[in-house]
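Residues per chain, in single letters:
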Amino acid sequence: MKTIIEPFKIKSVEPIRFTTKDERIKLIQQAGYNPFMLHADDVLIDLLTDSGTSAMSSKQWAGIMDGDESYAGSKSFYRFEDAVKKITGLKYIIPTHQGRAAEKILFSTVGGPGKYFPNNTHFDTTRANIEFTGSEAVDLLNETGKHPEIRADFKGDMDVEKLEGFIKKTGAENIPICFLTVTNNSGGGQPVSMKNIKEVKSVCKKYGIPLFLDACRFAENAYFIKKREKGYADKSILEIAREMFSYADGATMSAKKDALVNIGGFLAVNDASLAQQCRNLLIVTEGFPTYGGLAGRDLEAVAQGLEEILDEHYLQYRIRSIEYMGDKLVAAGVPIIEPPGGHAIYIDAKRFLPEIPPEQFPGQSIVCALYIEGGIRSVEIGSVMFGKYDKDGKLIPPPMELVRLAIPRRVYTQSHIDYVIEVIIEVFKNRHSLKGYKIIYEAPMLRHFTAQFAELN
Ligand SMILES: *Cc1c(COP(=O)(O)O)cnc(C)c1O
């Protein structure tokens with residue numbers, strides 16, 4: 001088989017700035033050992049997130065010029081609405097400025113104290129928006145999904161038995177919506193099988209609970225279904241996506257992922273009265289229902305991006321580029337979540353740095369080392385992001401300590417990725433010299449964005 005190449009050529013380039021290791025040692029210290037606090041200009045390869053970092057196509061840029069900026073009834077809104085309906089088949093499409101705005105509106109409407117929202121694994125903003133209303137966010141990931149070293153096809157699946165048990169214990173009336181995140185970002189970007197979506201739907205239906213997809217990476221998930229699940233090899237990505245959404249009563253989406261844009265999102269629902277309540281709130285917090293916090297040009301770019309994401313050549317390259325990086329790291333003995341997911345490589349910090357306990361944030365230690373060694377920016381997804389405290393102030397760590405290297409869409413070439421691999425392997429070889437960290441400042445919510453750290457001796 002021949003090399004799978006980038007299915008595009010480059011028309012416009014953006015230089016990246018080189019720094020020295022000595023400069024980076026100072027810069028990361030000034031940033032409180034939190035890469036979110038670095039100036040992006042001081043980063044060589046930015047793998048902090050795949051969110052809003054996509055390179056837009058020439059057609060998307062053409063759409064930017066073509067956007068209709070009418071306050072109400074913009075033609076760009078109707079193009080956007082058509083594009084979302086074509087894929088989701090959902091009835092009411094509400095544009096928002098990004099995914100969390102859709103979450104905020106939805107949970108403000110259906111959440112509140114005493115309510116519970118199950119998911120395979122809640123993403124950080126989803127969890128925060130649920131908890132902000134006084135509700136509880138519950139993760140019901142299948143057991144295999146919690147073990148980074150076990151290779152399985154659909155490690156994003158929800159544990160259906162646990163879901164049913166949870167509903168019986170909690171009472172269906174206290175569960176306004178059940179969620180499935182496709183792919184499961186916080187659990188390693190792992191896909192959810194069509195079989196699981198169907199089974200979760202059937203349990204939800206039995207108890208009268210609506211099922212929503214957190215659909216940020218629906219196309220990457222659809223591609224995994226095509227490649228790995230029996231009966232889907234000959235179906236198009238659009239057909240698979242449509243089937244996925246056919247089991248859903250609604251969806252939230254950050255268009256900053258699989259719609260290949262730098263800003264945007266939506267909430268989509270089938271229930272007319274829920275749509276009306278959400279639109280009323282949208283007008284207060286985002287804008288009129290035909291733009292919802294976006295410019296007409298943004299809606300145009302989302303509509304175009306949703307067409308491009310369904311291209312199988314693109315998805316083959318996308319998934320292969322992550323797998324390529326995973327193969328090389330595994331061959332060098334670097335512990336990662338296997339098999340790699342759709343949008344990122346997740347280093348297993350527990351196995352990478354077994355001598356640093358969760359209370360000393362092994363993931364953060366790797367994140368800082370990757371920056372110092374090679375100017376690469378990544379993010380901790382472990383006790384910094386999801387750790388809680390018990391009543392005595394002792395850390396309750398999440399099940400996994402991970403470092404995520406998210407790959408922006410259509411941005412870096414294979415030689416960039418080869419460089420990243422070299423840096424990771426170098427840090428891995430020198431892992432015994434890495435130190436733990438302690439937090440010296442933290443915000444009450446989503447602390448990972450602004451926390452400040454100090455190195456331990
Ligand atoms: C990014 C993301 C969100 C939130 O979207 P934003 O556009 O960043 O607000 C929600 N869920 C998942 C799974 C995500 O990856």
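Residues numbered from 1 in each chain as written. Predicted model: local features only at pLDDT ≥ 70, side-chain atom pairs only at ≥ 80, totals over all residues. Heavy atoms only, no water.

## Section: the layout of surface pockets
Defined as follows: Grid points spaced at 1 Å over the protein atoms alone were grouped into cavities, where a 1.4 Å probe fits but cannot get out, and pockets, open sets with protein on both sides within 12 Å along at least five of seven lines, with lining residues defined by an atom within 4 Å of a point. Grid points are joined across faces, edges and corners, and a volume is the space filled by probe spheres set on the points. Any residue outside Ala, Val, Leu, Ile, Met, Phe, Trp, Tyr, Cys, Pro, Asp, Glu, Lys and Arg is labelled polar, Gly included; the first ten of those are nonpolar and the last four are charged. The split of the chain into domains comes from an automatic or database domain assignment.
Space inside the largest pocket adds up to approximately 1,400 Å³. Forming the walls of the largest pocket are 37 residues, and the residues nearest its centre are Ser 12, Glu 14, Ala 55, Arg 410 and Val 411. Tallied by class, the residues present in the lining of the largest pocket amount to 17 nonpolar, 10 polar and 10 charged. Domain assignment of the residues forming the lining of the largest pocket places at least three in each of domain 1 (21-50 + 311-455) and domain 2 (58-308).

## As for the domain arrangement of the protein
The cut-off we apply is this: Here, residues are in contact when the closest pair of their heavy atoms is within 4.5 Å. Note on terms: buried area is the combined drop in 1.4 Å-probe accessible area of two parts once they are placed together, counting the loss on both. Every case where a carboxyl oxygen of Asp or Glu lies within 4 Å of a side-chain nitrogen of Lys or Arg is listed as a salt bridge.
Taken domain by domain, the protein comprises domain 1 (21-50 + 311-455) and domain 2 (58-308). Counting from both sides, the interface comprises 32 residues of domain 1 and, opposite them, 38 residues of domain 2. When domain 1 packs against domain 2, close to 2,900 Å² is buried across both sides, 57% of that on carbon and sulfur atoms. One can count 8 salt bridges joining domain 1 with domain 2.

## Topic: helix α14 (residues 362-374)
Heads up, the condition is: Runs of H or I in DSSP of at least four residues are treated as helices and runs of E of at least two as strands, each being numbered from the N terminus. Here a helix's expected span is defined as the number of its residues, less one, multiplied by 1.5 Å. Buried residues are those whose accessible area, probed at 1.4 Å on protein chains only, stays under 20% of the maximum for their type, while exposed residues exceed 50% and partly exposed ones sit between those limits.
If you check α14, its first and last C-alpha atoms are 18 Å apart, about what 13 residues at 1.5 Å a residue would give, namely 18 Å. Burial within α14 is extensive, with 12 of its 13 residues counted as buried. Those residues of α14 lying buried are Pro 362, Gly 363, Gln 364, Ser 365, Ile 366, Val 367, Cys 368, Ala 369, Leu 370, Tyr 371, Ile 372 and Gly 374. Immediately downstream of α14, the backbone of Gly 375 shows phi near 70°, a positive value.

## Observations concerning the nonpolar core
Here is the rule: In plain words, nonpolar cores are sets of buried Ala, Val, Leu, Ile, Met, Phe, Trp, Tyr and Cys residues tied together by side-chain atoms within 4.5 Å.
Within the largest apolar cluster, 66 residues are counted, with the highest numbers of intra-cluster contacts made by Leu 163, Val 200, Phe 218, Met 244 and Leu 306. With 6 residues, helix α8 (residues 218-228) is the largest single contributor of residues to this core. Lining this core are residues from two domains, each supplying at least three of them: domain 1 (21-50 + 311-455) and domain 2 (58-308). When residues no more than four places from it in sequence are discounted, the contact partners of Leu 163 are Pro 118, Leu 140, Met 158, Cys 178, Val 200, Val 203 and Cys 204. Formed by 33 residues, the second largest nonpolar core is a distinct cluster that contains Leu 353, Val 367, Ile 421 and Val 423.

## Quick look at the sheet that holds strand β11 (residues 379-381)
Here is the rule: Two strands qualify as a pair provided DSSP detects at least 2 bridges between them. The convention used is that axes are lines fitted to C-alpha atoms, helices contributing only their stretch in contact, and that angles between N-to-C directions extend from 0 to 180 degrees.
The 3 strands are arranged β9-β14-β11 in an open sheet whose pairing can be described as antiparallel. Each of the sheet's edge strands pairs with one partner strand only, and the pair in question is β9 (344-348) and β11. Between one strand and the next, the sheet's axes are offset by a mean angle of 35°, whatever the strand orientation. Contacts between helix α12 (residues 312-331) and the sheet are confined to β9 and β14 (402-406), with β9 contributing the most and set at about 25° to the helix. Strand contacts of α14: β9, β11 and β14, with the helix running at about 40° to β14, the strand carrying the most contacts.

## Thoughts on the pairing of strand β4 (residues 136-139)
Selection criterion: A crossover counts as right-handed when, viewed with the strands pointing away from the observer, the path leading from the first strand over the helix to the second turns clockwise.
When strand β3 (residues 116-119) meets β4, the two strands line up parallel, connected through 4 bridges. Residue pairing for β4: Pro 118 is matched across the bridge by Val 138. For the crossover from β3 across helix α5 (residues 124-132) to β4, the handedness is right-handed.

## Looking at the pattern of salt bridges
Throughout the structure, instances matching the rule amount to 28 salt bridges. Between Arg 127 and Asp 139 there is a salt bridge, with the nearest N and O atoms lying 3.3 Å from each other. Of this pair, Arg 127 sits in helix α5 while Asp 139 sits in strand β4, and the two are 12 residues apart along the sequence. For Arg 127, a relative accessible area of 15% corresponds to the buried category. Note on Asp 139: relative accessible area 34%, which makes it partly exposed. For Glu 312, the salt bridge goes to Lys 226, with nearest N and O atoms at 3.3 Å. Of this pair, Glu 312 sits in helix α12 while Lys 226 sits in helix α8, placing them 86 residues apart in sequence. Taking relative accessible area as the criterion, Glu 312 reaches 32% and is therefore assigned partly exposed. Taking the relative accessible area as the measure of exposure, Lys 226 reaches 11% and is therefore buried. A single network of salt bridges, built from pairs that share partners, joins Asp 50, Arg 217, Glu 220, Asp 258, Arg 318 and Arg 409.

## Observations concerning the state of the cysteines
Filter applied, for reference: A pair of sulfur atoms, both from cysteines and within 2.5 Å, is called a disulfide here.
Scanning the model with the defined rule gives 0 disulfides in all. Among the cysteines around Cys 204, which has no disulfide bond, Cys 178 carries the closest sulfur, lying 3.9 Å off. Residue Cys 216 stays outside any disulfide, its sulfur separated by 16 Å from that of Cys 178, the closest cysteine. Look at Cys 216 and you get buried, because its relative accessible area is 11%.

## A closer look at empty space enclosed by the protein
Going through the model one piece at a time under the given rule, you end up with 1 cavity of 30 Å³ or more. Estimated volume of the largest cavity: approximately 70 Å³. Forming the walls of the largest cavity are Asn 34, Pro 35, Phe 36, Leu 48, Gln 364, Val 367, Ser 378, Val 379, Glu 380, Val 384, His 448 and Phe 453. Those elements that place two or more of their residues in the lining of the largest cavity are α14 and β11. Here the residues of the lining of the largest cavity sort into 7 nonpolar, 4 polar and 1 charged.

## What about the site of the ligand?
This is how the line gets drawn: In these notes, residues near a molecule or strand are those with any non-hydrogen atom within 4 Å of it. N or O atoms within 3.5 Å of each other form a polar contact, as long as, within protein, one can give a hydrogen and the other can take it, and as long as residues adjacent in sequence are counted only when both atoms are side-chain atoms. For accessible areas, the Shrake-Rupley method is used with a probe of radius 1.4 Å. Any residue's cover is judged against the shown protein chains and nothing else.
Inspection of the region around the ligand gives 15 residues, with Arg 100, Asp 214, Arg 217, Ser 254 and Lys 257 positioned closest. Between a nitrogen atom of the ligand and a side-chain N or O atom of Asp 214, the distance comes to 2.8 Å. Between an oxygen atom of the ligand and a side-chain N or O atom of Lys 257, the distance comes to 2.8 Å. For the ligand, the accessible surface in isolation is 380 Å², of which the surrounding protein chains cover 97%. Counting residues per element, the ones that place at least two in the shell around the ligand are α4 (99-110) and α5. Ranked by the residues each element gives to the shell around the ligand, the list is headed by α4, at 3 residues. Here the shell around the ligand is composed, by residue class, of 2 nonpolar, 7 polar and 6 charged.

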